[in-house]
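# Coordinates in review
The lines below spell out each chain.
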Amino acid sequence: MFDLDQTIKDRHSTRKFLSQPVPRALLDEALTLAQLAPSNSNIQPWRLVFAQGGCRDRLQEALLNLAKQQPNVSPLPSAFQHYRQELGAQVYGAMGITRDDKANRQLAVLHNYEFFGAPMVAIVCMHQDYN
């Protein structure tokens, strides 16, 4: 097993997935490990919901429809906006999308709502009081 420091250093974001599903045994193993994560008073206030196949496709369609309607999303606090700008320059730059190319930037944003092609998605849910 990797050391914790190496695991953290190897962390990355994936923005394109294979259509091949993750084997159930591997998913179960990962979830078993995740259940050991600490939480305040060991209450583990989260729940996971998985979607694949038609359920995943319907969720994707609903999210895309909402995203195209310009949802009311709270703005990022100004103290953190430079992080988003730096990341945007890296991500969009790697895709060959310039800052002034709003149409292609918007298309790239919509890939978030398509789960970057992942055949299964996991949604982390928490009680609204933790909002």
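Being a predicted model, the structure only gives us computed values, none of them experimental. Along each chain, residues carry numbers from 1 onward, in the same order as the chain's sequence is written. Given that this is a predicted model, residues contribute local features only at a pLDDT of at least 70 and side-chain atom pairs are listed and counted only at 80 or more, while totals for whole chains, interfaces and linings are drawn from all residues. Side-chain metrics in this entry use all non-hydrogen atoms of the structure; hydrogen atoms and water are not considered.

## Notes on helix H5 (residues 102–110)
Since the α-helix advances by 3.6 residues per turn, residues separated by three or four positions end up pointing in the same direction. A 1.4 Å probe rolled over the protein chains alone gives each residue an accessible area, and that area as a share of the maximum for its type sets the label: buried under 20%, exposed over 50%, partly exposed in between. Only runs of H or I of at least four residues qualify as helices and only runs of E of at least two qualify as strands under DSSP, and these elements are numbered from the N terminus. The complete set of buried residues in H5 reads Arg105, Ala108 and Leu110. Any two residues whose heavy atoms approach within 4.5 Å are treated as being in contact. Its buried side turned inward, H5 meets helix H3 (53–68) and helix H4 (81–94).

## Some details on the environment of Glu114
Topologically, Glu114 is positioned in the loop between H5 and strand E2 (120–126). Each C-alpha atom of the pair Glu114 and Arg56 lies 9.4 Å from the other, and the pair is 58 residues apart in sequence. Apart from the residues lying within four places of it in its own chain, the contact partners of Glu114 are Arg56, Gln60 and Leu64. We define a polar contact as two N or O atoms separated by no more than 3.5 Å, with the added condition that, inside protein, one atom must be a possible hydrogen donor and the other a possible acceptor, whereas residues neighbouring each other in sequence contribute only through side-chain atom pairs. Within the structure, the side chain of Glu114 is placed 2.8 Å from the side chain of His111, a separation counted as a polar contact.

## Let's talk about unusual backbone geometry
The bulk of non-glycine residues show a negative phi, and the bulk of peptide bonds are trans. Its identity is not glycine, yet Asn42 carries a phi of approximately 55 degrees, on the positive side. You can see Asn42 is positioned in the loop between helix H2 (24–34) and strand E1 (46–52). Phi is positive for Gln44, close to 40 degrees, though the residue is something other than glycine. Locating Gln44 in the fold gives a position in the loop between H2 and E1.

## Side note on the side chain of Ser39
If you trace the backbone, Ser39 turns up in the loop between H2 and E1. Taking relative accessible area as the criterion, Ser39 reaches 18% and is therefore assigned buried. The contact partners of Ser39, leaving out residues within four places of it in the chain, are Gln44, Pro45 and Trp46.

## A look at the pattern of salt bridges
Whenever a carboxyl oxygen of Asp or Glu lies within 4 Å of a side-chain nitrogen of Lys or Arg, that contact is scored as a salt bridge. As enumerated under the stated definition, the model contains two salt bridges in all. Asp57 is paired through a salt bridge with Arg56; the nearest N and O atoms lie 3.0 Å apart.

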